[in-house]
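Structural features, examined
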Amino acid sequence: MGRITDTVKALLIVNVLFFLGSQYTGDYAVKLFALWFPENPNFQLWQIITHMFMHADLGHILFNMFALYMFGSVLEQSLGRERFLFIYFSAGLGAAGLQILFSYFNFNEAYEVYLAAGATPADIQELLLKSAQTNNYYFLNNVAKEYTMSLTHTYIIPMLGASGAIFGVLAAFAILYPNLPLYIMFIPIPIKAKYLIGGYFALNVFSAVTGITVLGPSNTAYWAHIGGAIIGFIVMWYWKKNQFNQNRWN
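Reading the values: rules and limits
- Residues numbered from 1 in each chain as written.
- Predicted model: local features only at pLDDT ≥ 70, side-chain atom pairs only at ≥ 80, totals over all residues.
- Heavy atoms only, no water.
- Helix = DSSP H or I, 4+ residues; strand = E, 2+ residues; numbered from the N terminus.
- Buried < 20%, exposed > 50% of the residue type's maximum accessible area, 1.4 Å probe, protein only.
- Contact = heavy atoms within 4.5 Å.
- Areas by Shrake-Rupley, 256 points an atom, 1.4 Å probe, with all protein chains shown as cover.
- Lys, Arg positive; Asp, Glu negative; His and termini not counted.
- Charge placed at Lys NZ, Arg CZ, Asp CG, Glu CD.
- Core = buried A, V, L, I, M, F, W, Y, C linked by side-chain atoms within 4.5 Å.
- Expected span 1.5 Å × (residues − 1).
- Arc of directions from axis to C-beta.
- Polar contact = N/O pair within 3.5 Å; in protein donor to acceptor, adjacent residues only side chain to side chain.
- Salt bridge = Lys/Arg side-chain N within 4 Å of Asp/Glu carboxyl O.
- Axes fitted to C-alpha atoms, helices over the stretch in contact; angles between N-to-C directions.
- Parallel < 35°, antiparallel > 145°, perpendicular 65-115°, else oblique.
- Left-handed = near helix turned anticlockwise from the far one by under 90°.
- Nonpolar A, V, L, I, M, F, W, Y, C, P; charged D, E, K, R; others polar.

Brief notes about the overall build of the protein
- Along the protein, the regular secondary structure elements total ten helices and two strands.
- When the helices and strands of the protein are placed in sequence order, the string is α-α-α-α-α-α-α-α-β-β-α-α.
- Projected onto the principal axes, the alpha-carbon positions of the protein cover approximately 65 × 40 × 35 Å.
- Across the 250 residues of the protein, 40% fall into the buried class.
- In the protein, the share of contacts with a sequence separation of at least 24, taken over all contacts with a separation of at least 6, comes to 67%.
- When the accessible area of the protein is evaluated, it comes to approximately 13,500 Å², of which 64% is carbon and sulfur surface.
- Distance between charge centroids for the protein: 20 Å, based on 12 positive and 11 negative side chains.

Comments concerning the side chain of Ser73
- Assignment of secondary structure puts Ser73 in helix α4 (residues 58–79).
- With relative accessibility at 2%, the residue Ser73 sits in the buried group.
- The contact partners of Ser73, leaving out residues within four places of it in the chain, are Arg3, Ile4, Thr5, Val8 and Leu68.

Digging into the side chain of His225
- Position of His225 among the secondary structure elements: in helix α10 (residues 222–242).
- The buried category is assigned to His225, whose relative accessible area is 8%.

Observations regarding the nonpolar core
- One finds Leu68, Phe84, Tyr88 and Met236 to be the most contacted residues of the largest nonpolar core, which totals 33 residues.
- Where this core is concerned, the elements lending two or more residues are α1 (6–25), α4, α5 (81–116), α8 (163–176), α9 (193–210) and α10.
- Sequence-distant contacts of Phe84, defined by excluding residues within four places in its chain, comprise Thr7, Val8, Leu11, Leu68, Gly72, Leu75, Glu76, Leu79 and Val169.
- Formed by twelve residues, the second largest nonpolar core is a distinct cluster that contains Phe37, Phe107, Ala110 and Ile156.

Quick notes on α9
- Across its 18 residues, α9 extends 26 Å between first and last C-alpha, which sits within 8% of the 26 Å expected from 1.5 Å per residue.
- All of the buried residues in α9 are Ala193, Ile197, Asn204, Ser207 and Ala208. Each buried residue of α9 sits inside an arc of 105° when the element is viewed along its axis, so together they form one side. Set apart from the buried face of α9 by more than 90 degrees, the exposed residues are Tyr195 and Val209.
- Structurally, α9 contributes buried residues whose contacts are with α8, β1 (181–182), β2 (191–192) and α10.
- One or two residues past the end of α9 sits Gly211, with phi positive at roughly 80°.

Considerations on the environment of Asn179
- In this structure, Asn179 sits in the loop between α8 and β1.
- Overall, Asn179 belongs to the partly exposed group, its relative accessible area being 44%.
- Taking the C-alpha atoms as reference points, Asn179 and Glu109, separated by 70 residues in sequence, lie 43 Å from one another.
- Polar side-chain contacts of Asn179 include one of 3.1 Å to the side chain of Lys194.

Overview of the pattern of salt bridges
- The tally for this structure, following the rule as stated, stands at one salt bridge.
- Glu82 is the partner of Arg81 in a salt bridge, and the nearest nitrogen-oxygen pair spans 3.2 Å.
- Owing to a relative accessible area of 48%, Arg81 belongs among the partly exposed residues under this scheme.

Comments concerning the packing of helix α6 (residues 121–134) against helix α7 (residues 145–156)
- Viewed as axis vectors pointing N to C, α6 and α7 meet at an angle of 55°, and their least axial separation amounts to 10 Å. Considered as vectors, α6 and α7 are oriented oblique to each other. Crossing hand, α6 versus α7: right-handed. From α6, Ile124, Gln125, Leu127, Leu128, Leu129, Ser131 and Ala132 reach across to α7, where they touch Leu151, Thr152, Tyr155 and Ile156.
- Taken together, the residues that form the contact of α6 with α7 break down as eight nonpolar, three polar and no charged.

Right under this line is the structure:
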């Protein structure tokens, strides 16, 4: 895939520094830089950007940074630094926006169930604050368990990781080089980028809609992946169609 471009190298370094810093400071870094649900008192506006540089564990950052290394440099060489950064960060923002939208949908649905069961807003707030303080789930006897899980999980689990931005890069790569053959581990034949990346996207859509985890941990923010991919797709499709000499993309 060629050499690492300067912008990708800088993103790799910043992500690693954030990860090492979070390992040293623990929950404080997560509280400050991960993206919390807007109803949670930990939420701050800067987290919309900083959550893209936070990662949960070593496997999380290795997977994202490997994808950035493999596809990001090629994309930057083709588009230039400014356009590459535009896709990267706009995809990250789109990922956060779609994830928050669906989080609100789940939260409000569960909130209404609690009210219908006789809980007051003060009761619900007390339950949420207790859950946030202990990082545990508490239930009302007359409310189905799945609603408490949905309400509390949305409130106390922050979003973190570069996955949304990475999915934007992957989608843009698939638009730019749809027929480029790619090889992945354990599969001995090449797969065109549009099929490999498109298939990965489809698995994330399936998991987001059904709640069934196919790849990754069960708490993966699938709607964030989808949001990032949609932004990367739209931006790259528009640029390829309208702003460049078509021969350059052959």
